[in-house]
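Notes for the structure review
Below, each chain spelled out in residue letters.
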Amino acid sequence: MNALSLALQLVGGLALAPLLPGLVQYWKARLQGRRGPTPLQPYRELRRLWGKSSVDVEGAGIVYRLAPAVTAASLVLAVLIVPVASGAPSLGAGRDALALLGVLALGRFAVTAASWDVANGFALQGASRDLTIAIFTDATFVLSVAVAALVAHTTNLATIVAGTAGSAVWSSPSLALGAVAFLLVVVAETGRQPIDNPDTHLELTMIHEGPLLEYAGRDLALLQWSAAARHWVVLVLAAQIFLPHTPGVWAQLAALPVRLAILCAGLALLETFTAKIRILLAPRLLAVGAAAALLGVVSWLVQIT
Amino acid sequence: MTARLQPVAAAAIGVFGFSMLATGTTLGSGFTGAFTPRFGVDGLTAFFLGVLGLVTAPTLAFATRYLEPGRRGRITSVLTGVFVLVLAEVVCARDPLTFLAGWELMTLLPAAIILVSRSDDEARRTVFLYLAITHLAGAFTWVAVLLAAHAGALDSTGAVAQGSGLQIAIALTALVGMGTKAGVMPMHSWLPRAHPIAPAPVSALMSGVMIKVAIYGLVRVLVDWLGPLPLSVGILVLALGALSAVGGVVYALFQHDLKRLLAFHSIENIGIIVLGLGACLVLRSRGDETWAAIALAAALLHTLNHAVFKALLFLGAGAFERATGTVEIDRLGGLLRRLPWTGGAFLVGSLAIAGLPPFNGFASEWVTLQALLHVPAAGHLGDGVAGALALAALAATAALAVLCFVKVTGLVLLGPPRSEAVAAATERPLPMRAAVVSLAGACVVLGVAPGLLLGSLVSLAPWPAALPTAIGLHLPGTGSLPTLGIALVLVAVTGVLVVARGRRAAAPAPTWASGQLVEPSLLWTSAGFTKPLRLVLAGVLRPERTIEVRATRGVVQEVAYSGRVPQHLDEQLLAPAVRVALRGAAHARRLQTGHLGTYVAYLIALVLVLLTAAKVGLIG
């Protein structure tokens, strides 16, 4: 059982991650009445990019060259930290929820520093927006994870998955409020509408896509895989902590693909029915999420006192 | 010659401190309320001596080549050495008199050093403001220490009753007095003014060690002497920490002078330390002694980490200043290529202060986050909400620090050089390089193996607490942070991916700017990069901007733009206080007529008043 969750975590995080944005795009096309690409489209793009040569930017240095690898490494680390089920053994990187904060920030730092290195205005515009929104995402992330950690009495993610299992924990509204907040974290981290538009190809409106402008070939492949892995990290957290789940490890493992598909469909639905909001309003939206999570903490405190 | 011996002596202090901490032995006498000079070293003192030595040795080595060889340089060097000794004296003092004397000298010496190295009007005004603020606040330190000595709290813990008015009075006066010296908001106004104008090694000592000695004072009073404090004091400390952390980093973002920006980051990091201290006080008053000790250890670990990376960044700024002639961040650029050693070390310091793995800031911020999460986990409504808010504030602070330091890295180290002088900059001489590189090494070591230290820091709490020693951070009730494993994964995966990527670059091409040529005027500035945040926080920050358009006969000739983010605390709090003080001083000056007769009259009046008081029985 441990071996299976270990395998699912590694294979799932590293190899199946690109399927998630593929699924979202597929569902979205269907909902909009188009046939759209197959869910396997991200793999085709990765293969195409891996075979292409990349064009370095004139005057760019080591930071530009290392950034894709560092970003991908930070996401590999995040994949190792996030468990797929409650019994999943640690993979040498710990299992701590709050460690994810710094690990995900490392990727953002690397990509933004690379934008400074190539001095590309559009890349910096996207990066500065991304980092500004990240301030509010991080606060919301920490508060929503705090709700789950308080309910489960630990920040060990594998134990949190066990501690939030069953129906008893849903008798108080704290976890539900944490789930509302985490939904906004999912939207912000995956760069989806209403906070970012992954389909945009206009430089002035880009957030996550902006810093990727100067990359091509294998570098871009690494960065696109990192974006997919970010989907994996937050969606697995959402599926195994903030959706109601059973205590049994086998059931958790079996249900994970279904839950991920449902969450992808949910994101597609959200993208279909909402438009991108003004960038300056995104922090307000996330602040609402933070307030919901804070209410979750309060309701947990009220319940136990 | 003496200047070369200084770093060796400082290193000896550091080795002595850390070995005392590791063995857990004490030396000399314990604290006493009596007014006879005594010195001693216990665990807490040993730790701060270790911090002092670790930061001071490279800083003094750096100073040997940074300071000009002339008379000014020699005087500065001697005063810097004395300053280090005074800092060591404050943490070793074991009676109120020695402690307070050292405390005052610690304030005066940097002022003297600044005045020796710069004698322009602006520097003199700043030094005056610095002395005025720190001395007015210093009075509160005197009140706190003397009250504690009078109550016998120095001789035996538990001398002051828990929850008594005296205990709260001592705690509050210590918070004001020592908090000002540490640069806690809203008593921080002197810090971003005084730190940038000192010579770089002295800035490094002020930010790296001096404000940490103020933290030592706070820990001594709040944790050691006073015993368990009422909950309200703990929550107040949490609030002050959150305000300093968020306020410090937000204002740092809008600074254009690299050293001033670093000074504001000191306020932020002091805020993070104070958050850990606040969590310790709250958890202690709730009776969770294990986590109270871990929270204290978190604050102390961040004290050490901040000392290391802030000294590194200030020394780096000094090296850049010597190499290019400016610390204006919008006028630097491309220094990583021109000064690979100094620039590389500066990059490590930036990653560390931004709280990113695998460096030391990440480890201590993680422990602080865990400590704050345990405040609501204790299960009480009021302090639980305060703890959750502090947790969110710390997470936002970390993200803001990433935003700020990626900007600093980008503007200073990366991209094309933004002036001729920067393009011609060259690497600094060996002692300066070695100083910053060794501090960067300390950032890596403390980031990879913080657990080796955390165990001894936990046992510094004046109540029994222990944590098994390990390389990583394995705390009860967490998913643990195996820092070594994290560092290995990051390095190994990055290495594999770099090899896999290979060298398949086609001919380089210019960066994409919608088909235009990339000109220096198109380069992004600090103000541009922080604009989204400035707009988002406009309601709080109230940025000011003016745009002047000069047009002749309808044709625009020139557009001038200027913008600034005003310091509201300074303008609403400090400026009125200064006005009132100056008005009071103007009135007081009338007493000084300069006529001998008036002074004789004052004396006679005084004698009469005293005689009357004695007659009535008020005195004597």
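Look up: the structure comes first, before these words.
Now for a look at the structure at hand. Numbering of residues begins from 1 in every chain and follows the order in which that chain's sequence is written. Throughout, the order in which chains and ligands are written sets their labels, letters from A for the former and numbers from 1 for the latter. Local features in this predicted model are restricted to residues whose pLDDT is 70 or higher, and side-chain atom pairs enter the listing and the counts only when it is 80 or higher, whereas totals over whole chains, interfaces and linings include all residues.

Some words on the overall build of chain B
Every helix listed is a DSSP run of H or I at least four residues long, and every strand listed is a run of E at least two residues long, numbered separately from the N terminus. Each helix and strand counted, chain B has 24 helices and 5 strands in total. Structurally, chain B occupies a C-alpha span of about 100 × 70 × 60 Å along its principal axes.

Quick look at unusual backbone geometry
Look at the link from Gln193 of chain A to Pro194 of chain A: it is a cis peptide, with omega at 10 degrees. When you line up the elements, Pro194 of chain A lands in the loop between helix 8 (174-190) and helix 9 (217-242). Pro186 of chain B follows Met185 of chain B through a cis peptide bond whose omega is 0 degrees. Relative to the assigned elements, Pro186 of chain B resides in the loop between helix 6 (165-182) and helix 7 (191-197). One non-glycine residue, Ala119 of chain A, adopts positive backbone phi at about 55 degrees. Mapped onto the elements, Ala119 of chain A comes out in the loop between helix 5 (99-118) and helix 6 (121-152). Three classes are used. A residue is buried when 20 or more other C-beta atoms lie within 10 Å of its own, exposed when 12 or fewer do, and partly exposed in between, with C-beta atoms placed from the backbone. When the 25 C-beta atoms within 10 Å are taken as the criterion, Ala119 of chain A is described as buried. Here the phi dihedral of Ser480 of chain B falls at roughly 60 degrees; this positive angle occurs in a residue that is not glycine.

Regarding helix 5 (residues 121-151) of chain B
All names here are of chain B. Helix length check: helix 5 (31 residues) gives 45 Å between terminal C-alpha atoms against 45 Å at 1.5 Å per residue, within 8%. Buried residues along helix 5 sit in contact with helix 4 (96-117), helix 6, helix 7 and helix 8 (200-225). Downstream of helix 5 by a residue or two, Gly152 has a phi angle that is positive, lying close to 85 degrees. Residue count minus one, scaled by 1.5 Å, sets the expected span of a helix. By the convention adopted here, residues make contact when the C-beta atoms placed from their backbones lie within 7 Å.

Points about the packing of helix 9 of chain A against helix 10 (residues 249-273) of chain A
All names here are of chain A. Axes here mean lines fitted to C-alpha atoms, for a helix over just the part in contact, with angles spanning 0 to 180 degrees between N-to-C directions. Orientation of helix 9 relative to helix 10, taken along the N-to-C sense of each, is 120 degrees, at an axis distance of 9 Å. Classified by the interaxial angle, the pair formed by helix 9 and helix 10 is oblique. Crossing angle aside, the handedness with which helix 9 passes helix 10 is right-handed. On helix 10, the residues that touch Leu235, Ala238, Ala239 and Gln240 of helix 9 are Gln252, Leu256, Arg259, Leu260 and Leu263. Taken together, the residues of the contact of helix 9 with helix 10 break down into 6 nonpolar, 2 polar and 1 charged. In what follows, roughly perpendicular refers to angles from 65 to 115 degrees, roughly parallel to angles under 35, roughly antiparallel to angles over 145, and oblique to any angle outside these ranges. With the far helix as reference, a near helix turned anticlockwise by less than a right angle produces a left-handed crossing, and one turned clockwise produces a right-handed crossing. For this classification, Asp, Glu, Lys and Arg are treated as charged, while Ala, Val, Leu, Ile, Met, Phe, Trp, Tyr, Cys and Pro are nonpolar and the rest, including Gly, are polar.

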